[in-house]
Amino acid sequence: MWSDAIPLDQIRYNEQGLVPAIVQDHLDGTVLMMAWMNRESLAKTLETGETWFWSRSRSELWHKGATSGHLQKVRSLRYDCDSDALLISAEQVGDIACHTGERSCFHQVDGQVSPPPADMLSQVFGVICDRRDRPNPDSYTCKLLAGGDNKILKKVGEESAEVVMACKDDDKDAIAGEVADLFYHTLVALAHHQVDLRDVYRKLQERRR
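About the thresholds
- Residues numbered from 1 in each chain as written.
- Predicted model: local features only at pLDDT ≥ 70, side-chain atom pairs only at ≥ 80, totals over all residues.
- Heavy atoms only, no water.
- Pairing = 2+ DSSP bridges.
- Helix = DSSP H or I, 4+ residues; strand = E, 2+ residues; numbered from the N terminus.
- Axes fitted to C-alpha atoms, helices over the stretch in contact; angles between N-to-C directions.
- Contact = heavy atoms within 4.5 Å.
- Salt bridge = Lys/Arg side-chain N within 4 Å of Asp/Glu carboxyl O.
- Buried < 20%, exposed > 50% of the residue type's maximum accessible area, 1.4 Å probe, protein only.
- Parallel < 35°, antiparallel > 145°, perpendicular 65-115°, else oblique.
- Left-handed = near helix turned anticlockwise from the far one by under 90°.
- Nonpolar A, V, L, I, M, F, W, Y, C, P; charged D, E, K, R; others polar.
- Patch = residues over 30% accessible without salt bridge, like charges linked within 9 Å, V, L, I, M, F, W, Y side chains within 5 Å.
- Areas by Shrake-Rupley, 256 points an atom, 1.4 Å probe, with all protein chains shown as cover.
- Lys, Arg positive; Asp, Glu negative; His and termini not counted.
- Charge placed at Lys NZ, Arg CZ, Asp CG, Glu CD.
- Expected span 1.5 Å × (residues − 1).
- Polar contact = N/O pair within 3.5 Å; in protein donor to acceptor, adjacent residues only side chain to side chain.
- Disulfide = S-S within 2.5 Å.
- Phe/Tyr/Trp six-rings, centres within 6.5 Å; stacked < 30°, edge-to-face > 60°.
- Lys NZ or Arg CZ within 6 Å of the ring centre and 35° of its normal.

J.: Residues and numbers for the sheet that holds strand β6 (residues 86-92), please.
T.: Here we have four strands laid out as an open sheet, ordered β2-β1-β6-β5, and mixed in their pairing. The two strands at the open ends of the sheet, each matched to only one other strand, are β2 (31-37) and β5 (72-79). The sheet shows a mean angle of 25° between the axes of neighbouring strands, direction not considered. Alignment of strand β1 (residues 19-25) against β2, held across six bridges, turns out to be antiparallel. Paired with Ile-22 across the bridge in β2 is Met-34. Against the sheet, helix α1 (residues 39-48) contacts β2, β5 and β6, and its axis sits at roughly 120° relative to β5.

J.: How would you summarise the pattern of salt bridges if you had to cite specific residues and measurements?
T.: Counted under the stated rule, the structure contains 16 salt bridges. A salt bridge links Asp-130 to Arg-131; its shortest N-O distance comes to 3.7 Å. Across the pair Arg-132 and Asp-133 runs a salt bridge, and its minimum N-O distance is 2.9 Å. What makes Arg-132 partly exposed here is its relative accessible area of 23%. Classification of Asp-133 by relative accessible area gives partly exposed; the value is 47%. Among the ionic contacts, a cluster of salt bridges with common partners joins Asp-25, Asp-28, Asp-95, Arg-103 and Arg-198.

J.: Explain the pairing of strand β3 (residues 52-55) to me, using residue names and the numbers behind them.
T.: Strand direction decides the pairing type here: β3 and strand β4 (residues 60-63), joined by four bridges, are antiparallel. Along β4, the bridge assignment pairs Phe-53 with Trp-62. The loop that links β3 with its antiparallel partner β4 comprises four residues; one of these, Ser-59, has a positive phi angle of about 55°.

J.: So what's going on with the packing of helix α3 (residues 140-168) against helix α4 (residues 172-192)? Residues and values would help.
T.: Running from N to C, α3 and α4 cross one another at 150°; their axes reach a closest spacing of 8 Å. Compared by their axis directions, α3 and α4 come out roughly antiparallel. As for the relative orientation of α3 and α4, their crossing is left-handed in sense. Taken together, the residues that form the contact of α3 with α4 break down as 15 nonpolar, six polar and six charged.

J.: Go over unusual backbone geometry, please, and point to the residues and values.
T.: Even without being a glycine, Ser-83 presents a positive backbone phi close to 60°. With respect to the helices, strands and loops of the structure, Ser-83 is situated in the loop between β5 and β6. By relative accessible area, which is 13% here, Ser-83 ends up buried. Of note, the phi angle at Asp-110 is positive, near 55°, even though the residue is not glycine. Here Asp-110 is to be found in the loop between β7 (108-109) and β8 (112-113).

J.: Tell me about a negative patch on the surface, residues and numbers included.
T.: Taken together, the side chains of Asp-169, Asp-170, Asp-171 and Asp-173 define an acidic patch exposed on the protein surface. One can find Asp-171 in the loop between α3 and α4.

J.: Mind laying out α4, listing which residues take part and the relevant values?
T.: Under the 1.5 Å per step criterion, the end-to-end length of α4 is 30 Å for 21 residues, consistent within 8% with the ideal 30 Å. Between the side-chain oxygen at the start of α4 and the backbone nitrogen of Asp-173 there is a gap of 3.3 Å, and the oxygen is on Asp-171. Looking one or two residues beyond α4, the residue adopting positive phi is Gln-194, at roughly 60°.

J.: Which residues make up the state of the cysteines, and what values go with them?
T.: Counted by the stated rule, this structure contains zero disulfides. Note on Cys-105: no disulfide assigned, nearest cysteine sulfur contributed by Cys-98 at a separation of 3.9 Å. Exposure remark for Cys-105: the relative accessible area of 31% places this residue in the partly exposed category.

J.: Lay out the packing of aromatic side chains in plain terms, naming residues and giving numbers.
T.: Scanning all chains against the criterion turns up two aromatic pairs. A ring pair is formed by Phe-53 and Trp-62, whose centres lie 5.1 Å apart and whose planes are at 40°; its orientation type is tilted. On the basis of relative accessible area, Phe-53 is assigned to the buried category, the value being 0%. Overall, the relative accessible area of 25% leaves Trp-62 in the partly exposed class. On the numbers, 6.2 Å between centres and 25° between planes, the contact of Tyr-140 with Tyr-184 is stacked. With Tyr-140 in helix α3 and Tyr-184 in helix α4, this residue pair connects regions lying 44 residues apart in the sequence. Above the face of the Trp-52 ring, Lys-44 is positioned so that its terminal group lies 4.5 Å from the ring centre.

As structure tokens, this is what we get:
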């Protein structure tokens, strides 16, 4: 079990007895927040399977989400090569980690609110959804979406066949390119049918178990 793999006494805490803990989404890798842990909060995190931190301003432990309901269920916990930083992979209940109501505390770019980067498929899916919700007549994605299932699924079928042919030819570069095309057109189909990519990730995660 992951909680048995963290040696509390081997973690290198700073002069204040603290270690930085970065929390990321367990599905798409989005960095949700950074907070501080001491030995006690780390022990409670390992014991309960939910994140506990140390508040430097209040000088007390705090259970993330205990008041808001936005708990973080720990899926894995790692420490770095110097044992002086923690990386927590977590399921964010309510999909809100920031006290402002944003998904991630790292949502500001030049004073503007902007979603933090996730994995590449999630980023591409975000652009596709933006085209769906704010159409641009010059956009290829918008033209696909405007054509509905007939146009979108025709492309999915064509790209699937091209993946097969590239694999038959054992052309690695062509395989990568055709799979990228297939991924893109499949993401368009998901967006058209209002299916969240994270729901696909959840299905994959269930099957991995």
